Amino acid sequence: MKNRTFAAKLVDKVLQIHDKTFEIFIKDEEIQAEIATLAARINADYAGKEVVFVAVLNGAFMFASDLMKEVNLPAEIAFVKVSSYQGMNSTGRVDEVIGVTRPIKNKHVIILEDIVDTGITMEKLFTLLSVEHPASIEIAALLYKPEAFKGKHTPTYVGFSIPNKFVVGYGLDYNELGRNTRHIYQLKGESH
Ligand code: IMP
């Protein structure tokens, strides 16, 4: 069989993706513990209510999956796909690719984002969802970069506030690779 080269490779806790080397930043156990805390807050805040989670693809798929398992409310899930990133810099542009697939009129909506960076994606989503007249809209973000944030709608539920540095893993990508890891990684050698 021919030797194959992989563009993303995990060796000894170091993740090589394309031209960059990453090291563990937030461990699996910390992520799961924080998600359990977020879910407990949501369960308490929305007790007696039905919720529609709107998860932002592709990055939020793991966060949405793990959070939903801890939510004990009657809950639907819908997915939207938006894109404002190419490589390691925000393009400052948001393209909606797939819209909401569940009716949200008079429903309590919680947007699930893997990371809120500049907040451009959230502003666009807020506008798109508001016209459907939901009962309420809040944002749950696993990661939040307050230093980069320029939006109006700060996330209500934040897992980890992090410095303005690039991270990958647990759903987050670097040029579409690196999403399939349990931990979250930062560029090797960068101290936070
Ligand atoms: P925003 O619109 O600038 O808030 O960016 C939100 C989107 O950019 C997220 O859903 C991610 O897909 C992507 N993004 C922002 N920061 C990072 C990062 O550090 N690593 C990977 N993707 C990121």
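Quantities reported herein were computed from a predicted structural model and do not represent experimental measurements. (Residues numbered from 1 in each chain as written. Predicted model: local features only at pLDDT ≥ 70, side-chain atom pairs only at ≥ 80, totals over all residues. Heavy atoms only, no water.)

Another aspect to go through is the packing of helix H1 (residues 28-45) against helix H2 (residues 61-70). Contact geometry of H1 with H2 gives a least axis separation of 9 Å together with a crossing angle of 55°. Put simply, H1 runs oblique to H2. For the element pair H1 and H2, the recorded crossing hand is right-handed. The residues of H2 that touch H1, namely those facing Gln32, Ile35, Ala36, Leu38, Ala39, Ile42 and Asn43, are Phe63, Asp66, Leu67 and Glu70. Among the residues making up the contact of H1 with H2, the classes are represented as seven nonpolar, two polar and two charged. (Axes fitted to C-alpha atoms, helices over the stretch in contact; angles between N-to-C directions. Helix = DSSP H or I, 4+ residues; strand = E, 2+ residues; numbered from the N terminus. Parallel < 35°, antiparallel > 145°, perpendicular 65-115°, else oblique. Left-handed = near helix turned anticlockwise from the far one by under 90°. Contact = heavy atoms within 4.5 Å. Nonpolar A, V, L, I, M, F, W, Y, C, P; charged D, E, K, R; others polar.)

Two residues of an α-helix separated by three or four positions point the same way, owing to the 3.6 residues in each turn. The terminal C-alpha atoms of H1, which comprises 18 residues, lie 26 Å apart, in line with the 26 Å expected from a rise of 1.5 Å per residue. All buried positions along H1 are accounted for by Asp28, Ile31, Ile35, Leu38, Ala39, Ile42 and Asn43. Each buried residue of H1 sits inside an arc of 140° when the element is viewed along its axis, so together they form one side. Projecting away from the buried face of H1 at angles above 90 degrees are the exposed residues Glu29 and Ala44. (Expected span 1.5 Å × (residues − 1). Buried < 20%, exposed > 50% of the residue type's maximum accessible area, 1.4 Å probe, protein only. Arc of directions from axis to C-beta.)

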